[in-house]
Amino acid sequence: MVYFNSTEVTVLANLKATGSQGRPKAGRFAETRRARVMRGVFPLLSRVTPTLAAHLAYKLLATPPRSPEKPWQTELRDKAITTRLRLGAGELAVYEWGCGPTVLMVHGWGARATHMGKMIMPLVDAGFRVVAFDAPAHGESFGRSTDLIAYAAAIKAVARHAGPVHTLLAHSFGVAMALFARRDWGIPVQRQVLVSSFRHCKWFTEAFARHVGLAPHVMAHAMQMMVERYQGRLDWESLSVVEMLRQTRQPTLIIHDREDLEIPFEHSVALLQAAPHAQFHATSGLGHHRLLGNADVIAQVVRFVSHAGPPGHEQAEPDQPGTRHESLLVS
């Protein structure tokens, strides 16, 4: 495990992640032919018919890509106890392996329950029960589109179904949604592992706008459409992952790769600066996804979840009660 003192954190904060400049070469916002075509179309739509451009942007933003399931992921899923959990007008696919204290896994945008699958059996072997799920419009779950409220509501529903959660283990977009669900729906956990996170949900929308060539006022219109959908109960300004993490007191492990081409390394450094109680594990050369299957990373996660941390990290103050929303999901 790599730990940093305050001086080292300041040094880290001044680092620039490789690939953070210019257009990314990998990931959801990679430079592709399709991206270049959209950047040719959207500026014209933004000038001629900004309302239509905003509606199209909203649809694209709310439609996650479908990731094909690899053979080893299918085999792992077949070993799970599978439940179809009702949520709104549809059903979530929920999977469970092992027995013991519960580790709740939350995947990222465009992924699926088994995306962090290589961590599952090591956690089961260490005496934990792992519960994972396909978010709305992902994997085997219902829907073709989703949004922040639906994603967070799904996390709350699965947490309630799973019972007491020992550790929350989330990746990428899933980190923001997990902390959002914790704050606004009230999900008590003892520990949390946050992998490859961005620092604010608005960063995701800004990255999307750059990716497709949306004018700022059109992107703002698309974001406002989501606010209106939930009658103002969604506040973009409050969706800072840094601030949501600052409000927690549980032992926290933050993991990020220095060469992450999807979400720059400095985002997790910002999280670390907001959470002096957190531990930080930096990797190199593993990128945004491969670190999830790295043997050293998995060993660090298992040790942390098993409470084998440094002195002073075994106990945590409970979270302050959040603003709980029990029925925000729009069917």
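Residues numbered from 1 in each chain as written. Predicted model: local features only at pLDDT ≥ 70, side-chain atom pairs only at ≥ 80, totals over all residues. Heavy atoms only, no water.

J.: Help me out: how do you make sense of the pairing of strand β5 (residues 165-171) in this one?
T.: If a strand is regular, its side chains alternate between the two faces of the sheet. By the criterion of burial, β5 is predominantly enclosed, with 7 of the 7 residues buried. Bridge count for strand β3 (residues 102-106) against β5 is 5 bridges, and the pairing is parallel. Residue pairing for β5: Val 106 is matched across the bridge by Ala 170. Alignment of β5 against strand β6 (residues 189-195), held across 6 bridges, turns out to be parallel. Bridging across to β6, Thr 167 finds its partner in Arg 191. Crossover handedness for the path β5 to helix α7 (residues 173-186) to β6: right-handed. (Buried < 20%, exposed > 50% of the residue type's maximum accessible area, 1.4 Å probe, protein only. Helix = DSSP H or I, 4+ residues; strand = E, 2+ residues; numbered from the N terminus. Pairing = 2+ DSSP bridges. Right-handed = clockwise from strand over helix to strand, strands pointing away.)

J.: Mind showing me how you'd approach the packing of aromatic side chains here?
T.: By convention here, two paired aromatic rings are described through the distance between centres and the angle between planes. Summed over the entire model, instances satisfying the criterion amount to 11 aromatic pairs. For the ring pair Trp 109 and Phe 173, a centre distance of 5.1 Å and an interplane angle of 65° mean the geometry is edge-to-face. Of this pair, Trp 109 sits in the loop between β3 and α5 (120-125) while Phe 173 sits in helix α7, placing them 64 residues apart in sequence. Comparing Trp 109 with Phe 173, the two get one shared label, buried. Three or more aromatic residues joined by ring pairs form one cluster here, namely Trp 109, Tyr 151, Phe 173, Phe 198, Trp 203 and Phe 204. Lying across the ring of Phe 304, Arg 191 places its NZ or CZ 4.2 Å from the centre. (Phe/Tyr/Trp six-rings, centres within 6.5 Å; stacked < 30°, edge-to-face > 60°. Lys NZ or Arg CZ within 6 Å of the ring centre and 35° of its normal.)

J.: Would you mind showing me how to read the pattern of salt bridges here?
T.: Think of it this way: side chains of opposite charge can pair up when their charged atoms draw near. Counted according to the given criterion, the structure contains 8 salt bridges. One salt bridge in this structure joins Arg 77 and Glu 69, with 2.7 Å as the shortest N-O distance. For Arg 77, a relative accessible area of 18% corresponds to the buried category. Through salt bridges with shared partners, a single network forms among Glu 69, Arg 77 and Arg 112. (Salt bridge = Lys/Arg side-chain N within 4 Å of Asp/Glu carboxyl O.)

J.: Explain helix α6 (residues 148-162) to me, please; I cannot follow it from the model alone.
T.: Two residues of an α-helix separated by three or four positions point the same way, owing to the 3.6 residues in each turn. Between its first and last C-alpha, α6 extends 21 Å over 15 residues, near the 21 Å set by a 1.5 Å rise per residue. With 13 of 15 residues buried, α6 lies mostly within the body of the structure. Near the N-terminus of α6, the side chain that reaches the backbone nitrogen of Ile 149, with its oxygen 3.2 Å away, is that of Asp 147. Among the residues trailing α6, Gly 163 stands out with phi positive, at a value near 90°. (Expected span 1.5 Å × (residues − 1). Polar contact = N/O pair within 3.5 Å; in protein donor to acceptor, adjacent residues only side chain to side chain.)

J.: Quick question: what am I supposed to make of empty space enclosed by the protein here?
T.: If you walk through the whole model with that rule in mind, you get 2 cavities of 30 Å³ or more. One number sums up the size of the second largest cavity: a volume of about 90 Å³. In terms of lining, the second largest cavity is formed by Leu 61, Ala 62, Trp 109, Thr 146, Asp 147, Leu 148, Phe 173, Cys 201, Phe 204, Thr 205, Met 226 and Trp 236. Here the element with the most residues in the lining of the second largest cavity is helix α8 (residues 201-212); it accounts for 3 residues. Looking at the lining of the second largest cavity, its residues break down into 9 nonpolar, 2 polar and 1 charged. (1 Å grid on protein atoms, 1.4 Å probe; cavity = no way out; pocket = protein on both sides within 12 Å on 5 of 7 lines; lining within 4 Å. Points joined across faces, edges and corners; volume = space filled by probe spheres on them. Nonpolar A, V, L, I, M, F, W, Y, C, P; charged D, E, K, R; others polar.)

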